[in-house]
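Architecture at a glance
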Amino acid sequence: MAPVSLRTRGILREMGLAPLWRLRGVEDVAVDAPAQVLPESPVVSVPLAAAPVAPSPALARPVEVRATLREALAPLAPVVEAVAPRREFATDLAGLGWDELEARIRACDACGLCKRRKQAVPGVGDRQADWLFVGEGPGAEEDERGEPFVGQAGRLLDNMLGTIDLKRGEDVYIANAVKCRPPNNRTPEAAELAACFPYLSRQIALIKPRLIVALGRPAAQALLNQEIKIGAVRGKLFSHASIPVVVTYHPAYLLRNMADKAKAWEDLCFARSTMRRLREGA
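About the criteria used
- Residues numbered from 1 in each chain as written.
- Predicted model: local features only at pLDDT ≥ 70, side-chain atom pairs only at ≥ 80, totals over all residues.
- Heavy atoms only, no water.
- Helix = DSSP H or I, 4+ residues; strand = E, 2+ residues; numbered from the N terminus.
- Buried < 20%, exposed > 50% of the residue type's maximum accessible area, 1.4 Å probe, protein only.
- Contact = heavy atoms within 4.5 Å.
- Areas by Shrake-Rupley, 256 points an atom, 1.4 Å probe, with all protein chains shown as cover.
- Pairing = 2+ DSSP bridges.
- Axes fitted to C-alpha atoms, helices over the stretch in contact; angles between N-to-C directions.
- Core = buried A, V, L, I, M, F, W, Y, C linked by side-chain atoms within 4.5 Å.
- Parallel < 35°, antiparallel > 145°, perpendicular 65-115°, else oblique.
- Left-handed = near helix turned anticlockwise from the far one by under 90°.
- Nonpolar A, V, L, I, M, F, W, Y, C, P; charged D, E, K, R; others polar.
- Disulfide = S-S within 2.5 Å.
- Expected span 1.5 Å × (residues − 1).

What follows is about the overall build of the protein chain. Summing up its helical and strand segments, the protein chain has 13 helices and six strands in all. In the protein chain, buried positions account for 52% of the 282 residues. Intrachain contacts of the protein chain at a sequence separation of at least 6 include 73% that bridge at least 24 residues. Accessible surface, the protein chain as shown: approximately 13200 Å² in total, 51% of it carbon and sulfur.

Below you can see the structure in the form of structure tokens.
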């Protein structure tokens, strides 16, 4: 394994992982040393597809998924039927650019979450990013400030990005599966995910990311069209709209379950390894 830089060590220490990743017999690496790509860990060696995605170099051509909105939300079929009149609304988003799309999000009344929000939270970051991170929904601070992941979970996410040499706003876009805060930060309901999905779908179409990282179960289920358990899908590569998807824990979950931070680190290494192969195959 390549040595871990002092900068990365500091971030890992903030995440509570530093004792787990100190390498024996390896000297410290200068903070300004070039970023080094870690070799694949045991997690990376897990077979790469639940949705069949071939190993590199075919990773550059992931399995194509041509799903309609209804197909993409199959587990939510009853809900999709309930909001059938809004299908025209989803189609209407297809021609919108960023400014128009964000204006529509901020004025949205497609579900009951609009009634108690202070403001909708479209997303933030590089609009041409290779990396798209999708969380669950805004919390109290996000609802106040209009930006995703700005509370304690957001600070942890920033540290997680730093461990793989990423930074908010630099080749990274951050969004949520729902754009308005659920009351008391509860998990978004199926109807809310279904109503908000067209916005996320349009964001993905505009960004054209190389890789999507789903943070938590609601985000993963909205993107993958299936019920999932995080522990069962870690270390596997999925696909949404022809874009590879990696699933890991939501930072808010990690704040309550510190022992799983090491697993999240493994997932980030897997995501970085996948991105490297995607770029090599381009």
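A word on the environment of L268. The topology assignment puts L268 in helix α13 (residues 261-281). Residues L268 and V247, 21 residues apart in the sequence, show an inter-C-alpha distance of 9.4 Å. Excluding its chain neighbours within four sequence positions, the residues that come into contact with L268 are M160, T163 and I164.

Turning next to the sheet that holds strand β5 (residues 238-240). Ordered in space as β1-β3-β2-β4-β6-β5, the six strands form an open sheet in which the pairing is mixed. Sheet topology places β1 (124-125) and β5 at the edges, where each strand pairs with a single neighbour. Where strand β2 (residues 131-135) and strand β3 (residues 172-176) come together, five bridges link them in parallel fashion. Its bridge partner lying in β3, F133 is registered against I174. On top of the sheet, helix α9 (residues 190-207) reaches β2, β3, β4 (211-215), β5 and β6 (243-248); it is set at about 170° to β3, its chief contact. Where helix α10 (residues 217-224) meets the sheet, it contacts β2, β4, β5 and β6, and its direction lies at approximately 135° from that of β4.

Here we come to the nonpolar core. Formed by 46 residues in total, the largest nonpolar core has its most connected members in W131, L132, F133, L211, I212 and V247. Each residue touching V247, except ones within four places of it in the same chain, is listed here: A214, A220, L224, I228, I230, V233, R234 and D267.

Running from N to C, helix α6 (residues 98-106) and α9 point in directions that differ by 165°, and their axes come no closer than 11 Å. Taken together, the axis directions place α6 and α9 in an arrangement best described as roughly antiparallel. The chirality of how α6 crosses α9 is left-handed. Contact residues: W98, L101, R104 and I105 in α6; Y199, R202, Q203, L206 and I207 in α9. A class-by-class count of the residues in the contact of α6 with α9 yields six nonpolar, one polar and two charged.

Once that is clear, we can look at the state of the cysteines. This structure, assessed with the given rule, holds zero disulfides. Just so you know, C114 is unpaired, no disulfide at all, and the nearest cysteine sulfur is the one on C111, 6.4 Å from it.

Below, the discussion takes up unusual backbone geometry. Although it is not a glycine, N184 adopts a positive phi angle of roughly 60°. Within the secondary structure, N184 sits in the loop between β3 and α9.

For helix α8 (residues 152-163), built from twelve residues, the straight-helix expectation of 16 Å at 1.5 Å per residue is met to within 8% by its first-to-last C-alpha distance of 17 Å. Extensive coverage of α8 is indicated by the burial of nine of its twelve residues. Regarding α8, the residues found buried are A153, G154, L156, L157, N159, M160, L161, G162 and T163. Once α8 finishes, D165 follows within two positions and takes phi at roughly 60°, a positive value.

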